[in-house]
Structures are given as C-alpha cells and as structure tokens.
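# Summary of the model geometry
For reference, the chains in residue letters:
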Amino acid sequence: MSVLSVVLPAYNEELMIAKTCRALRGVLSEAGIDYELVLVDDGSQDNTWREIQKAGKTDPHILGVHFSRNFGKEAAVFAGLAHAGGDAVAVMDCDLQHPPEVLLQMYRLWEEGYQVIEGVKKSRGKESLIHKGCVGFFYSIMSKATGVDMQNASDFKMMDRQVAESILSMPERNMFFRATSSWVGYKSTSVKFEVKERVAGESKWSSWSLVKYAFTNIVAFTTLPLQFVTIGGTVCFLLSLLLIIYSLIQYFAGRAVEGYTTIVMVMLLIGSAVMLSLGIIGYYIAKIYEEVKRRPRYIISKIVRGGRETPEAVRHDGPDRAG
Ligand code: UDP
Ligand code: MG
C-alpha cells in the first residue's frame, strides 16, 4: 500500500501543531490513507518544537525535524521533502489555511496517475491593502517571467516521489519552490481550493519581508531584470541620439552655448540609469556568490522519529546529497 507524506513547515506555530496534526489525522485515517506527517520546525522561538515532540510521542506517524535557526520557508519545505519517505508527497502550510480535505482530492488525482497536483487559490482570503499590493506586484512580475500564471498559485501541492526527487536533485541553494514544481514538468493538473482564515497565531510575513522574498525569488528564478538594464540602456541611447541631432542643429545654426539645463538633466538621468543597472547586476552577483559558496540550505539540530529524539548535529543537505 502506498504512503502519503505531508510536509508541514512550521515557524512559531505552537498554537497550530496539535490542531493541524489532529485535523490531518482525522481526514487521512478516515479515508484509509497510510500517511506520515513531516513537521519541520524552522528555528521557532516559541514552543513549536516542544509541541512537535509531544505530538510525536502520541502519534508514530509523525516525524519532526528541527532546524538550528530560522532558514526560511523554502528551506523548511526542502528539508521536509528530503525526509519524506512516502510514494506521494504533499506540501501544505501548518496553519490550516490549506484545507486538509483537499488533500483527498489531490490524492485521488495522484492515484489516477498525475504526478504534480498544484493547489490553486480560488480567492486570496483576507489580506490588508498594502499586503495585497505587494503580493500583486510580485506575482505579476513572476507570472511574466515564468510564463506560468502565478497570481493564484500556492505552496499547497502534491507530488509523486519521482518529482520530489527531481526537485531535490537541483543543486541551487536559493530556490523558489512554488515555480520550480511546475518548472520540472511531468504530468500535472491542479485543484482549486478556498483559502481558509488562519485559526490561531499570526502570519509570519510583514510587507517588508514579502518584498525581500519577492526579490530573492525573482533573482533565483529569472534573469529578466538583467534585461531591464539592456532595455534601459537602449532607451537612453535612442534619447541621446535625438539630443545629439538637436545639439548639432543648434551648433550649425550658431546657437550653441545655451542648454546647460539639458546637459545637467541628461547627466543626472544617465547617471541614475547606470547606478540602477549596476545595482541590479550587483544583486545577481551577490546571489551568484551565495550559490558558489555552496553552503547547505539548512542545518538540522534534532530529529524526532517514532517518539524518540536524536540529535543531528552535522546532518545537512550538502552538495552531494543526490548522489
Ligand atoms: N513558515 C516557515 N518559515 C518562515 C515563515 C513561515 O516555515 O520563516 C511557515 C509557517 O509556519 C506556515 C507557512 O510557512 O506554516 C505559511 O506561513 P504564514 O501562514 O505565516 O503565511 P501566509 O499564510 O500569511 O502567507
Ligand atoms: Mg498562513
């Protein structure tokens, strides 16, 4: 019989761990699906790890992984995938905003032979205006860059073992999981779901952290911003051509000295365009530097399996984990 692994990244979710485990246990055991819950504590400052330990003591289906510090959701998802042993692997948020019942729908599709089942949001749930703006801006850029509609994409998905292995075998450190799961290809489909209200705790994303997240993921997934530099340069060049022609006409007409203002304006414009472009290029170089260092994506300090806790001081996903 096949096993379904559910990967749950958790950062400061002490109020949610028990609730989420209970909800998933209810839904999955009722449907007669053999399952495993992989809870990844992303270096929480609250009692999340204690909650995971507690849950692990009472439920042998639970595998807990504890990061040595906060490495971010993408790293947590990755660690979850790496530790999941199921034939199908689902990823969902730990706050029950992704309804567990949808897992069943996804599981049936997986049984039918689909290898990637994406959860697509019907609506975005309740969010503040600024938040909506930031998210909207980010996803419109991402959609253009990837050619996939990201506006309603989510991190809620189910994958076949083979797909999970493909994603795990990718060497890059900065990965945008949401887009990568469709980038890998395979036979895929999607399931619509309604985003639920968070039951307890609060969202871990401030508008500023979203902006940072957006930049990291755009840079991780596409080189499109580098083309802005080229486009900007071309526009500047065309404009300066016009100005050159204009100045030449002025020169031959004998009205040369004027135009101090124009020159200052042109210099400022070109100066700022150059600096902006250097900034974008610099950001990419910084990311390339990060990738070249080949630091691990995350460091695990403890693991709880079958209710027993083991320290994992050196276990991390080094560059050769695929081999
Ligand atoms: N999360 C994480 N590490 C982080 C931030 C968030 O593992 O650094 C987890 C969090 O515990 C939750 C999921 O990612 O399970 C989604 O986070 P949240 O609910 O805060 O995001 P939102 O639903 O508001 O987009
Ligand atoms: Mg949430």
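Everything here concerns the structure above.
Assigned secondary structure in the chain consists of 10 helices and 9 strands. Across the chain, every contact between residues at least 6 apart in sequence was considered, and the portion connecting residues at least 24 apart equals 81%. The positive charge centre, built from 36 side chains, and the negative charge centre, built from 34, are 3 Å apart in the chain.

On to helix H3 (residues 73-83), then. Across the 11 residues of H3, 10 count as buried, placing the element largely inside the fold. Listing the buried residues of H3 in full gives Lys 73, Glu 74, Ala 75, Ala 76, Val 77, Phe 78, Ala 79, Gly 80, Leu 81 and His 83.

For the rest of this paragraph, the subject is the packing of aromatic side chains. What the rule picks out here adds up to 4 aromatic pairs. Centre to centre, the rings of Phe 67 and Phe 71 are 5.5 Å apart; their planes meet at 90°, and the pair counts as edge-to-face. Using a relative accessible area of 19% as the deciding quantity, one classes Phe 71 as buried. For the pair Phe 156 and Phe 193, a centre-to-centre distance of 5.1 Å together with 85° between the ring planes defines the contact as edge-to-face. Here the residue Phe 156 occupies a position in strand S6 (residues 153-160), and Phe 193 occupies one in strand S7 (residues 188-193), the gap between them amounting to 37 residues. Each residue in the set Phe 67, Phe 71 and Tyr 298 is aromatic and connected to the rest through ring pairs, giving one cluster. When the ring centre of Phe 71 is taken as origin, the NZ or CZ atom of Arg 69, which lies over that ring, is 3.9 Å away.

Glancing now at the nonpolar core. Generally speaking, a soluble globular protein has its nonpolar side chains buried in company with each other. Core analysis: the biggest nonpolar cluster contains 33 residues, and Leu 4, Val 6, Leu 8, Leu 37, Leu 39, Leu 103 and Met 158 have the highest contact counts within it. For this core, the secondary structure elements donating two or more residues are strand S1 (3-10), helix H1 (17-30), strand S2 (34-41), helix H2 (48-58), strand S4 (88-91), helix H4 (101-111), S6 and S7. Element by element, the count of residues in this core is highest for H4, at 6 residues. Dropping the residues within four chain positions of it, Met 158 is found in contact with Leu 4, Ala 88, Val 89, Ala 90, Leu 103, Met 106, Tyr 107, Trp 110, Gln 115, Val 116 and Ile 117. Core analysis: the next-biggest nonpolar cluster, separate from the first, contains 29 residues, Phe 67, Ala 75, Ile 167 and Val 184 among them.

What counts, and at which threshold
Residues numbered from 1 in each chain as written. Chains lettered and ligands numbered in written order. Predicted model: local features only at pLDDT ≥ 70, side-chain atom pairs only at ≥ 80, totals over all residues. Heavy atoms only, no water. Helix = DSSP H or I, 4+ residues; strand = E, 2+ residues; numbered from the N terminus. Contact = heavy atoms within 4.5 Å. Lys, Arg positive; Asp, Glu negative; His and termini not counted. Charge placed at Lys NZ, Arg CZ, Asp CG, Glu CD. Buried < 20%, exposed > 50% of the residue type's maximum accessible area, 1.4 Å probe, protein only. Phe/Tyr/Trp six-rings, centres within 6.5 Å; stacked < 30°, edge-to-face > 60°. Lys NZ or Arg CZ within 6 Å of the ring centre and 35° of its normal. Core = buried A, V, L, I, M, F, W, Y, C linked by side-chain atoms within 4.5 Å.

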